[in-house]
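Fold and geometry: a report
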Amino acid sequence: MHESVVTLFRRTRDVSTGAALATAAISAVLLASGIGGSAQWQVWFAVIALAAGIPHGAMDHVVTVPGMQPARMALFITGYLAVVALAIVAILTWNVLGFALVVLMSAVHFGIGDAAFSRELARAQSPATTRAPWWVYAIPAGALPVVVPLTSQQADDALEFVNPLLRDWHQGVGPYALWASVLAGVVAIIWLVLRGHYRDALDVVALGALALLAPPLVAFAVYFGFWHAQRHTARLVLEMPDAITRSRDHSPAAGFIRAVLPGLPALLGTMVVAAALTMITGGDLQANYLWIALVVVWALTVPHMALTWRLDRDALGAHQTDRAVLSG
């Protein structure tokens, strides 16, 4: 990586970790003061954070099939949106099953993506350093921000806001999944510290604190909008020569913004589609918008997860030559 891109990765990592720790600390203070728990404001906070995270997935067509001819690109986008539409119908039809599958899919996607981000930065900083197996970091990185908030004691109240049908989505295995996720986090922290990977260990600590202390909707929203999406956007810079050039010639922030701007129309489109679906299905924007917005985001994750696997596979494996040439 060019030094400007390394700086971008470092800053993105520090900001996202700081956001998680700050949210956990504020939540702990509010909880100790008796102000914690679910509240209506969390719904709209979640909407805002979801909005911050949506643009990162809007570049799938560019990084997956760069240089594709317009006709083939149109066909690709049509197929992409068809998968999204089918996923929306499936989740709205089978709420509980769809939600359970989304939880599993999200935990896998988030964990692998975060591990890939960490591995790319680690290779750039210390190419010869021996790394811990990527799954040591990936398992808690996916399970802590997804599984723990949805199986905690506050989860029922939060899911009541989203969709009352989801209250018992885990069919009684929630406590076991929660403690398994926490145990994975503890094991990962010990493993990483003993091998000197203190910054990775701090990430796991931050995710655990966020998941255990923040209200569920807040925890997931902060993670999705200000952690996962930001780190994925930083990785997109490596796939966009124009963004790399801006990072080199102007500033790391300029490269990051270049990777965000093309996704803004998708943000507007997602919000409009969610509002339209809310009204079409007979819902109320005040009460049902978050649920529909989440359904749309989850549906978008289905093709997004499949298409970003190439980036994740290369980052976690040994296929680094082309990326090094591109960004060096």
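Residues numbered from 1 in each chain as written. Predicted model: local features only at pLDDT ≥ 70, side-chain atom pairs only at ≥ 80, totals over all residues. Heavy atoms only, no water.

With 77 residues, the main nonpolar core has Phe99, Leu290, Trp291 and Trp298 as its most contacted residues. The biggest single contributor to this core is helix α14 (residues 285–316), with 14 residues. Leave out the neighbours within four places in its chain, and tryptophan 298 touches Ile91, Phe99, Val102, Met105 and Trp291. In this structure, Val5, Ala234, Val237 and Phe256 belong to the second largest nonpolar core, which totals 15 residues. (Core = buried A, V, L, I, M, F, W, Y, C linked by side-chain atoms within 4.5 Å. Buried < 20%, exposed > 50% of the residue type's maximum accessible area, 1.4 Å probe, protein only. Helix = DSSP H or I, 4+ residues; strand = E, 2+ residues; numbered from the N terminus. Contact = heavy atoms within 4.5 Å.)

This part is about the pattern of salt bridges. Counting across every chain of the model gives 13 salt bridges. The closest approach of N and O atoms between aspartate 14 and arginine 199, which form a salt bridge, is 3.1 Å. A residue pair is termed long-range when its members are at least 10 positions apart, and aspartate 14 in helix α1 (residues 3–32) and arginine 199 in helix α9 (residues 198–213) qualify at 185 residues. Owing to a relative accessible area of 46%, aspartate 14 belongs among the partly exposed residues under this scheme. The salt bridge partner of aspartate 242 is arginine 246, with a shortest N-O separation of 3.6 Å. In this pair, aspartate 242 and arginine 246 both sit in helix α11 (residues 241–249), four residues apart, roughly one turn of the helix. (Salt bridge = Lys/Arg side-chain N within 4 Å of Asp/Glu carboxyl O.)

Look at helix α13 (residues 264–280): 24 Å from first C-alpha to last across 17 residues, which is about the 24 Å you get at 1.5 Å a residue. Those residues of α13 not exposed but buried are Leu267, Thr270, Met271, Ala274, Ala275, Leu277 and Thr278. Along the axis of α13, the buried residues cluster in a sector spanning 165 degrees; they form a single face. The exposed set on the far side of α13, more than 90 degrees from its buried face, consists of Pro265, Leu268, Met279 and Ile280. Of the residues flanking the end of α13, it is glycine 282, one or two places downstream, whose phi is positive at about 80 degrees. (Expected span 1.5 Å × (residues − 1). Arc of directions from axis to C-beta.)

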